[in-house]
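Here is what each chain is made of, one letter per residue.
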Amino acid sequence: NFENAIAHCIHLPKSLIEKSLKKARRSPLTIQTSLLAALEAWEQAQLCERKIDLSRVGLIVAGANTTQAYHYNLHSRFLDEPSYLSPSYALHFMDTDQIGTLSEIFHIQGEGFTVGGASAAGNVGIIQACRLIQQELMDVCLVIGVLADLSPIEIQGFRNIGALGGLHFQDQPANACRPFDTKHEGFIWGQAS
C-alpha cells in the first residue's frame, strides 16, 4: 500500500505528500514504486530544505518496457469492453510517463529522459547523471531505477530461453541465487526501485 509506505517520509512538506498520494492512487505500480523511491531520495538529499534552481535539476528514468503487467491485466477487460479503457492509459503505458509524473510532482524543470540497459539500466542512469553534473549542465540529478512489472508472458519467455534461474531451488529460495556457481541456472527475478 502506497499510503503506508510513504508514512515514513516525515521530513517532506505536507503538500508534496498529498500531491504524491493523489497521483499514486490513479497510477500503475511502476509509477507508485518510482514515486516512493523519488520521495525517499528527495528527503535523504534534503532537497526540500535547500534552495535549488529547479531548472538545474535533471531527471533520468532508468528502465524500459516497464508496464507489461499493466497491459496484461487490462487486456481481457479491453476485449470485452474497449470503451472501458481509461484515457490515462495513453500516458501510463509509455515509459516517459515516469518523467512527466515525477517532473510534475517535484517541479523538476531540467533535462529529463529515459535510458535502457536491461539489468544494468540503473547503472546507465547513474552514469548519465554523473555526466550531466560533471559537464555542469545540471546541479542535481534524480535517477530512478524503474520496477519492471513483468506479466506472466515475459516471465514465461525468460523461462523458455533458459534465462530465469531458481527452478531447481523452488523449495529453497534462499539458495536459488547462485551467479558464480557451476550449477547456476540464470537470473533470479526480483524487483525494486
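Structure first, text after, so check above.
Residues numbered from 1 in each chain as written. Predicted model: local features only at pLDDT ≥ 70, side-chain atom pairs only at ≥ 80, totals over all residues. Heavy atoms only, no water.

Q: Would you mind showing me how to read helix α4 (residues 68-80) here?
A: Working note: α-helix, 3.6 residues per turn, so residues spaced by three or four point in the same direction. By the largest-angle criterion, Leu-74 marks the main kink of α4, which is about 35 degrees. When we look at burial in α4, the residues that qualify are Ala-69, Tyr-70 and Leu-74. Elements that come into contact with the buried residues of α4 comprise α5 (89-92). (Bend = angle between axes of the 7 residues up to and from the residue. Helix = DSSP H or I, 4+ residues; strand = E, 2+ residues; numbered from the N terminus. Buried < 20%, exposed > 50% of the residue type's maximum accessible area, 1.4 Å probe, protein only. Contact = heavy atoms within 4.5 Å.)

Q: Please clarify how a nonpolar patch on the surface should be interpreted in this entry.
A: A cluster of nonpolar side chains, contributed by Phe-158, Ile-161, Phe-187 and Trp-189, occupies part of the molecular surface with about 380 Å² of accessible area. Inspection of the secondary structure assignment puts Ile-161 in the segment after α8 (152-160). Take Ile-161: its relative accessible area is 66%, and that puts it in the exposed class. (Patch = residues over 30% accessible without salt bridge, like charges linked within 9 Å, V, L, I, M, F, W, Y side chains within 5 Å. Areas by Shrake-Rupley, 256 points an atom, 1.4 Å probe, with all protein chains shown as cover. Salt bridge = Lys/Arg side-chain N within 4 Å of Asp/Glu carboxyl O.)

Q: What am I meant to see in the environment of Gln-68 here?
A: One can find Gln-68 in helix α4. A relative accessible area of 21% means that Gln-68 is categorised as partly exposed. Taking the C-alpha atoms as reference points, Gln-68 and Thr-30, separated by 38 residues in sequence, lie 9.9 Å from one another. With near-sequence residues (within four places) excluded, Gln-68 lies in contact with Asp-149, Leu-150, Ser-151 and Glu-154.

Q: What is the right way to read the layout of surface pockets from this model?
A: Rolled over the atoms, a probe with the dimensions of a water molecule shows which regions are left empty. Taken as a whole, the largest pocket spans an internal volume of roughly 580 Å³. Residue composition of the lining of the largest pocket, grouped by class: eleven nonpolar, twelve polar and one charged. What the second largest pocket holds in volume is close to 200 Å³. Around the second largest pocket, the lining residues are Ile-155, Arg-159, Leu-164, Gly-165, Gly-166, Leu-167, Phe-169, Gln-170, Pro-173, Ala-176, Ile-188 and Trp-189. The residue makeup of the lining of the second largest pocket, split by class, is eight nonpolar, three polar and one charged. (1 Å grid on protein atoms, 1.4 Å probe; cavity = no way out; pocket = protein on both sides within 12 Å on 5 of 7 lines; lining within 4 Å. Points joined across faces, edges and corners; volume = space filled by probe spheres on them. Nonpolar A, V, L, I, M, F, W, Y, C, P; charged D, E, K, R; others polar.)

Q: What exactly am I supposed to notice about the nonpolar core here?
A: Within the largest apolar cluster, 27 residues are counted, with the highest numbers of intra-cluster contacts made by Phe-2, Leu-35, Leu-39, Trp-42, Leu-59, Phe-106 and Ile-144. Elements represented by at least two residues in this core include exactly α1 (2-6), α2 (14-25), α3 (29-44), β1 (57-62), α6 (97-106) and β3 (140-145). Broken down by element, the residue count for this core peaks at six residues, all from α3. Residues contacting Leu-39, with those up to four places away along its chain left out, are Phe-2, Ile-6, Cys-9, Leu-12, Leu-16, Ser-20 and Phe-106. Of all hydrophobic cores here, the second largest spans eight residues; its members include Ile-60, Ala-62, Val-115 and Leu-132. (Core = buried A, V, L, I, M, F, W, Y, C linked by side-chain atoms within 4.5 Å.)

Q: Mind showing me how you'd approach the packing of α3 against α6 here?
A: Packed helices, taken two at a time, are described by the angle their axes make and the gap between the axes. Remark: α3 packs on α6, axes separated minimally by 10 Å, with the N-to-C direction vectors making an angle of 40 degrees. Considering the angle they form, α3 stands oblique to α6. The two elements α3 and α6 meet at a crossing, and its hand is right-handed. Where α3 approaches α6, its residues Thr-30, Ile-31, Ser-34, Leu-35, Ala-38, Leu-39 and Trp-42 are matched on the opposing element by Asp-97, Gln-98, Thr-101, Leu-102, Ile-105 and Phe-106. Counted by class, the contact of α3 with α6 contains eight nonpolar, four polar and one charged residues. (Axes fitted to C-alpha atoms, helices over the stretch in contact; angles between N-to-C directions. Parallel < 35°, antiparallel > 145°, perpendicular 65-115°, else oblique. Left-handed = near helix turned anticlockwise from the far one by under 90°.)

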